[in-house]
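# Working through the structure, step by step
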Amino acid sequence: MRISKEGDKAGNNTIGRVTQQSNSRHLQFCLRVVLCSISYISSCFAISRSGSAFTTRDCSSCHSNTSIPAKGKLGVASRFENVKCLDEAVSLFRRMVRKQPLPSVFSFSKLLKTMVNMKHYSSVLSLFREMRKLGIPINDFILNIVINNYCLMHCSDCGFSVLAIYLKKGIPFNVVAFSTLLRGLFAESKIKDAVNLFKKLVRENICEPNEVTYLTIMNGLSKRAHTQKTFDLLKVMEQGSVKPNTRIYNIVIDALCKDRMIDAAISLFEEMKQKGMPLTVITYNVLIDGLCKFGKWEKVSTLFLEMINLNMYPDVHTLTMVIDGLYKEGKIEDAEKVMRHMIEKGVEPDVVTYNVIVDGYCLRGQMDRARRIFVSMIDKSIEPNIFSYNILINGYCKKKKLVEAMHLFREISRNGPKPNIVTYMTILQGLFEVGRTDIVQKLFAEMLSIGLRPDLCTNRILLRGYFQNGLVENAMLLFHELEKKREDIDIELYTVIIDGLCKNGQLDKAHAIFEKLSLIGLFPNVITYTTIINGLCLEGLLDEAKNMLRKMEDNGCSPDNYTYNVIVRGFLKFGKTSEMTTFLKEMTERGFSCDASTVKLLIAAIAKDPSLLNMIPQFRLGNKM
């Protein structure tokens, strides 16, 4: 069984869309439930806090009587606790290897693990090599630490080489090592390798995956939008010996919600209840988050009531999701009502809650109110994080208020958290939008000087900005530099290049780059094809544009709504009405419709030649023109 997207059933524009009257009724009902929930929750918190004070003290006193270390153990434990830097760790290692008899393997593994936690990865490898030279015993626990060390360095290939030591020393493979390697592969975005490794473990019976293995691969797949594979693995687990736990179900529900498969998420949630699976606040949070994004307020209120009946208290994150959903739907007053009620009842908003509110005002262009909320957060001794600054800077940039954006950017450098790549990316994009390319160069150099390296997204912004401001030479210099490095280049970046060249009157260069894509192992997607089709239409090369449309279909890439709008506009602009109507018919048959720009051109064409209206009956009826 394959899961279906709700968006596929009702169309992309139906997400969260219900009639305003029914939505308002559901929303008001939901708000009443939410506000009542907060009141109930705050009273429960007050009881639990007052009731837990004795319990905590009682437990701590009992624990203190039973946690006295055995004689001789205190010194070993304290040695590792006192290791605060690399020099101390290496010094302790030197003392350990000189001792006779040698400390236990556990002591060495404890030291290596401490160093891994301190992120001294290369030093861990040096000490491990020295241990092998000195003939110090090595067990599977130490080898697992070394594999994890390699994976944290994003060197999973080297992690696999450690498996040879298992074989050489006759140490059986264990599931921890392979779970760690899976996590490492996902961290390096080697999705195919991770999936193949998992299949190999199962098929060749190398070692039986446990809950952690499944958790690792399903978490890795879900975070990279492989929702169907994540869902399929859940069904495999349900039939196997290792049954899925609540954390596994939470991952799948979250993946379904993020991939807009809200009906499947609700269905899986109900399935959990039927099976008697323990539900946690996280389970409810991920589902409430998805429901808020779809505007399903009645279901949100039902979940709030369920949580209360289970004596499960929605936390500040739950309420923040509700506030975020309300802001995203433009329900500012309702969001503020929930926020005020939270504060009145003692459920204190955190920095994430404030970020959501600031973002809500920024999305509506209400920058003065966004700034006031930002300042009020500081007044309440809640320290803004870099996300807080990025949200506000982005809001100013969207409104083209670059003076305010730059002032806030400099404020971070003086007082706030360190700016990250997103901060620079946001401000660079804003500067390009208003044509301040002189400041862009200085800011980019500053970014490099503090050790921030441009990623794929940054390079795309730079290229798009250069082309947008007519700096084709700058764009092509950067592009050729990236091509030489053969890194941080994907089909999206090539699409930006093709689009920029087309819009700057260099179709020949754009077409040449397009034609060489397959030779370098990249394959055009629907956006790339649509971009080159648009370029051909801009130059009046309509036959070539039509051929490209057919070519993309032959290559297994289906045109989308935007592709058809581009080609219809191209034929309309050059008065090719006969062929234009053929594409309109194809659009209607595929369930596509004209966008505002195409409709405007179409109306102008019909005004000049009313007989054109009779040539497009299917389109006219299908779209109620």
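Starting from 1, residues in each chain are numbered consecutively following that chain's sequence as written. With pLDDT at 70 or above as the cut-off, local features in this predicted model cover only qualifying residues; side-chain atom pairs require 80 or more to be listed or tallied, and sums for whole chains, interfaces and linings still use all residues. Side-chain measures here rest on the full set of heavy atoms in the structure, leaving out hydrogens and waters.

### A look at the pattern of salt bridges
Formally: Any Lys or Arg side-chain nitrogen located within 4 Å of an Asp or Glu carboxyl oxygen qualifies as a salt bridge. Strands are runs of DSSP state E lasting at least two residues, helices are runs of H or I lasting at least four, and both sets are numbered from the N terminus onward.
In this structure the tally under the stated criterion is 26 salt bridges. Close ionic contact of K275 with E271 constitutes a salt bridge, the shortest N to O distance being 3.0 Å. Across the pair K546 and E579 runs a salt bridge whose closest N-O atoms are separated by 2.9 Å. Residue K546 is found in helix α31 (residues 542-554), and its partner E579 is found in helix α33 (residues 577-589); the two are separated by 33 residues along the sequence. In this structure, a network of salt bridges that share partners links the residues K235, E238, E271 and K275.

### Details of the confidence of the model for the protein
How we decide: pLDDT is a per-residue confidence score from the predictor, ranging from 0 to 100. Residue contacts are defined here by distance: any two heavy atoms, one from each residue, within 4.5 Å place the two residues in contact.
Mean pLDDT over the protein works out to 82, with 85% of the residues at or above the 70 mark. Between residues 6-22, whose pLDDT stays under 50, and residues either more than four places distant or in other chains, the model counts 18 contacts. Low pLDDT (under 50) marks residues 619-625, which in the prediction has 11 contacts with non-local residues, meaning those over four places away or in another chain.

### Quick notes on the environment of S104
This is how the line gets drawn: For every residue, the accessible area (1.4 Å probe, protein chains only) is compared with the maximum for its type, and the residue is labelled buried under 20%, exposed over 50%, or partly exposed between those bounds.
Inspection of the secondary structure puts S104 in the loop between α4 (86-98) and α5 (105-117). On the basis of relative accessibility, which here comes to 39%, the residue S104 falls in the partly exposed class. As a C-alpha pair, S104 and I136 span 32 residues in sequence and 9.6 Å in three-dimensional space.

### Points about the packing of aromatic side chains
Quick reminder of the rule: What counts as a ring pair is set by centres within 6.5 Å for rings of Phe, Tyr and Trp (its six-membered ring), and what kind of pair is set by the plane angle: stacked under 30 degrees, edge-to-face over 60, tilted for all other angles.
Under the counting rule described, the total for this entry stands at 12 aromatic pairs. Seen from their ring centres, F93 and F108 are 6.0 Å apart, and the 75° between their planes marks the pair as edge-to-face. Of the two residues, F93 sits in helix α4 while F108 sits in helix α5, which places them 15 residues apart along the sequence. Taken individually, F93 and F108 each receive the classification buried, so the pair is uniform in this respect. Seen in terms of ring centroids, Y564 and F592 are 5.9 Å apart; in terms of plane orientation they differ by 40°. Their pairing is tilted. Taken as a pair, Y564 in helix α32 (residues 561-573) and F592 in the loop between α33 and α34 (596-608) lie far apart in primary sequence, 28 residues in all.

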